[in-house]
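Here is what each chain is made of, one letter per residue.
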Amino acid sequence: MNTTVKTDVIIIGAGPTGLSLACQLIRYGIDFVIIDLNEGVTPFSKALGVHARTLEIYEQMDLARSAVSQGTIAGKVRLLEGGEMRGEVDLSSIGQGMTTYPYMLVLEQSRNERLLYDYLLKHGKNVLWQTELEDFSQTDAGVTTRMKDKDSVGSLQTIEAKYLAGCDGPKSPVRHGLGLSFEGGTFERLFYVADVEIDWNFSHDALHVCLTRNSFVAFFPMPNGPQEKNRYRIVGAFPEGFDKDAGKDEGKDEGDVVYEVIERRIREETEIDLQISRVNWFSTYKVHSRHVERFSKGRCFLAGDSAHVHTPAGGQGMNTGIQDAYNLAWKLAFVLKENASEQILESYNHERLENAKRLLQTTDRMFSIAAGSDWLLNLIRTTIVPPLAGYILSLDAVKERFFPLISQIGISYRDSPLSRHGGDDPFSDDFVVKAGDRMPYFLLDGRSIFDCLREPKFHLITFSDGLADYEAMEKEVASDFSQIVDYHVIPLYPHVVEVFGMDKPFNVLLRPDNHIGYVSSNTSPEALKSYLREVIGLS
């Protein structure tokens, strides 16, 4: 029997990206249907690192504290060579003063998915598990999809929506259905990953990286369960020319490697006296680096691995998918609620495609340094990096560049059509912070500025020297824009002057994702009205 369901957004895929998009749509009161072919959230650890920008997003949903309590803060990195420690880097507060979360959190994908899924359930929504996208089509008015239950024969369900989001992984049926290319390349070397428990002489409070002549082996400390101890994720690579068939178990698919071959490789490369007492999960894989030509086509959008895949360097994958969803959700919501014109949806492609291109370039370079076989890279990796890494990352100039890059708080959309610069403002060049940047982190009465910015709205902030009365502005915002804008007046404290580079009163308009729409010394209501009308398309 064919049934028809109508909704606002259909989400294909319930991994971290699809679940994140669903959670964000809940915040905006947007109806959706989310489907996935699997039986439930993944039981496997998969992606590990949760960065500061993701935790800031979690904070808006009251999930950050739970995430941190369940995870392990990567406080240190120990660099090993020849089985001995050659250097140590303290990462516990490398982003101090830039965010509430100045570290990388180790929290596996399965637990992230569970956090997000529980949020859905708490708000009365669920995933249509074991449901497969059969086909879809779109018109200028909407998208029609046909779904089938994996266990039912001949039973189809039609879902009609205004928009579709493909969060369905690197083999994305949505991407294929849209006819979009997925350009890039594949690293020829075979990599391995194993989640294990280890008995050794190193403490569980650090990421351990063995820098070898032709590769690396990394040990990521993972949260221990009730019956577990010294749980680690091990990631490494087989040498170039490795015969994967030689390590294949009879009866397994071509390219599968038995665990004993992986463990032998770990011991040979690291030269560490260790005992792996329990293996929870392992896999081998090829590393791909690709991105789609466009993140959208008509009323259909791509996010996460369906739009970009890259090397594991820096733990960017899961976080980037969550950022995609965060960027897309508010734009869909504002259009669906007729608080913005459809033109803002084009900015999703503009902002996230440019980010994907930059990300691939960065992770490819990082990965080449870590896993390349060039003789000069080998020399740098094994003899120069270990003793100097701690000193280099202790330099303020390096931390100020490195942490925003890795944590994703440094992502900026300055070239976005949603970023309004300068105009007639004579002081526009004086601002250190520009339109498109993430709102800088600073404290107000001992609390993060982001504590004021949790509502899913635009935020207009007047930084005041106390000489003017902004009561009229507050009344106008409350009268005309209360559904989409909230208003704050904050004293122009010395540390605010230092952050923004401006000692005169000014306004900052933040988008719902806390990126800056405009920053201006024009504190009149006209600047806000002009932006909402001309940039957002509010009628």
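As a convention, each chain's residues are numbered from 1 in the sequence order in which they are written. A pLDDT threshold of at least 70 governs which residues receive local features in this predicted model, and a stricter bar of 80 or more applies before side-chain atom pairs are shown or counted, although totals over entire chains, interfaces and linings include all residues. Hydrogens and water are ignored here; the side-chain numbers use all heavy atoms of the structure.

A separate point is the overall build of the chain. From N to C terminus, the chain includes 13 helices and 26 strands. Contacts between residues were defined by any pair of non-hydrogen atoms, one from each residue, lying within 4.5 Å. In the chain, 72% of the contacts between residues at least 6 apart in sequence involve partners at least 24 apart. As displayed, the chain has an accessible area near 23300 Å², and 49% of this comes from carbon and sulfur atoms. Runs of E in the DSSP output that reach at least two residues are strands. Runs of H or I that reach at least four are helices, and both are numbered from the N terminus. Residue-level accessible areas treat just the shown protein chains as cover; the underlying method is Shrake-Rupley with a 1.4 Å probe.

Moving on to the packing of aromatic side chains. Pairing of aromatic rings covers Phe, Tyr and Trp, the last through its six-membered ring, and needs centres within 6.5 Å; plane angles under 30 degrees mean stacked, over 60 mean edge-to-face, and all others mean tilted. For the structure on display, the rule yields 24 aromatic pairs. Taken together, a centroid distance of 6.1 Å and an interplanar angle of 55° make the contact between Tyr-163 and Phe-301 tilted. Residue Tyr-163 is found in strand β12 (residues 163-166), and its partner Phe-301 is found in strand β19 (residues 300-302); the two are separated by 138 residues along the sequence. Overall, Tyr-163 belongs to the buried group, its relative accessible area being 3%. Consider the rings of Trp-330 and Phe-334, whose centres lie 5.7 Å apart with planes at 85°: the pair is edge-to-face. With Trp-330 and Phe-334 both in helix α7 (residues 317-336), this residue pair falls four residues apart, about one helical turn. Partly exposed residues are those whose accessible area sits between 20% and 50% of the maximum for their type, while under 20% is buried and over 50% is exposed, using a 1.4 Å probe and protein chains only. In this structure Phe-334 comes out as buried when scored by relative accessible area, which is 4%. Among the aromatic residues, those joined into a cluster by ring pairs are Tyr-28, Trp-330, Phe-334, Phe-458, Tyr-518 and Tyr-531. Positioned over the ring face of Phe-182 is Arg-175, at 3.8 Å from the centre of the ring. Put simply, a charge is over a ring when the Lys NZ or the Arg CZ is close to the ring centre, within 6 Å, and near the line of the ring normal, within 35 degrees.

Looking at the chain as a whole, the pLDDT averages 87, with 88% of positions reaching at least 70. The predictor's confidence in any single residue is recorded as pLDDT, a number from 0 to 100. Predicted confidence is poor over residues 249-255, with pLDDT under 50, and the contacts of this stretch with residues over four places away or in other chains come to nine contacts. In the predicted structure, residues 375-386 sits below a pLDDT of 50 and forms 32 contacts with residues beyond four places in sequence or in another chain.

Moving on to the sheet that holds strand β18 (residues 296-297). By this definition, two strands are paired if DSSP reports at least two bridges between them. The five strands are arranged β3-β2-β12-β19-β18 in an open sheet whose pairing can be described as mixed. With one partner strand each, in any of the chains shown, β3 (32-35) and β18 form the two edges of the open sheet. Only C-alpha atoms enter the line fits that serve as axes; for helices the fit covers just the stretch in contact. Angles between N-to-C directions range over 0 to 180 degrees. Lying on the sheet, helix α1 (residues 16-27) is in contact with β2 (9-12), β3 and β12; it crosses β3 at an angle near 165°. Against the sheet, α7 touches β2, β12 and β19, its axis set at about 175° to β12.

Attention now moves to the sheet that holds strand β5 (residues 72-73). Spatially, β4-β8-β5 is the arrangement adopted by the three strands of the open sheet, whose pairing is antiparallel. This sheet does not close on itself; its edge strands, each paired only once, are β4 (49-50) and β5. Note: β4 against strand β8 (residues 105-106), two bridges, orientation antiparallel. Bridging from a neighbouring strand, Val-50 pairs with Leu-105 of β8.

One less than the residue count of a helix, multiplied by 1.5 Å, gives the span that helix is expected to have. Helix length check: helix α13 (residues 525-536), at 12 residues, gives a terminal C-alpha distance of 16 Å against a target of 16 Å (1.5 Å per residue), a fit within 8%. For α13, the secondary structure elements touched by its buried residues are β23 (458-464), α11 (471-480), β24 (485-491), β25 (506-510) and β26 (516-520). Where α13 ends, the next residue or the one after it, Gly-537, has phi of about 85°, a positive value.

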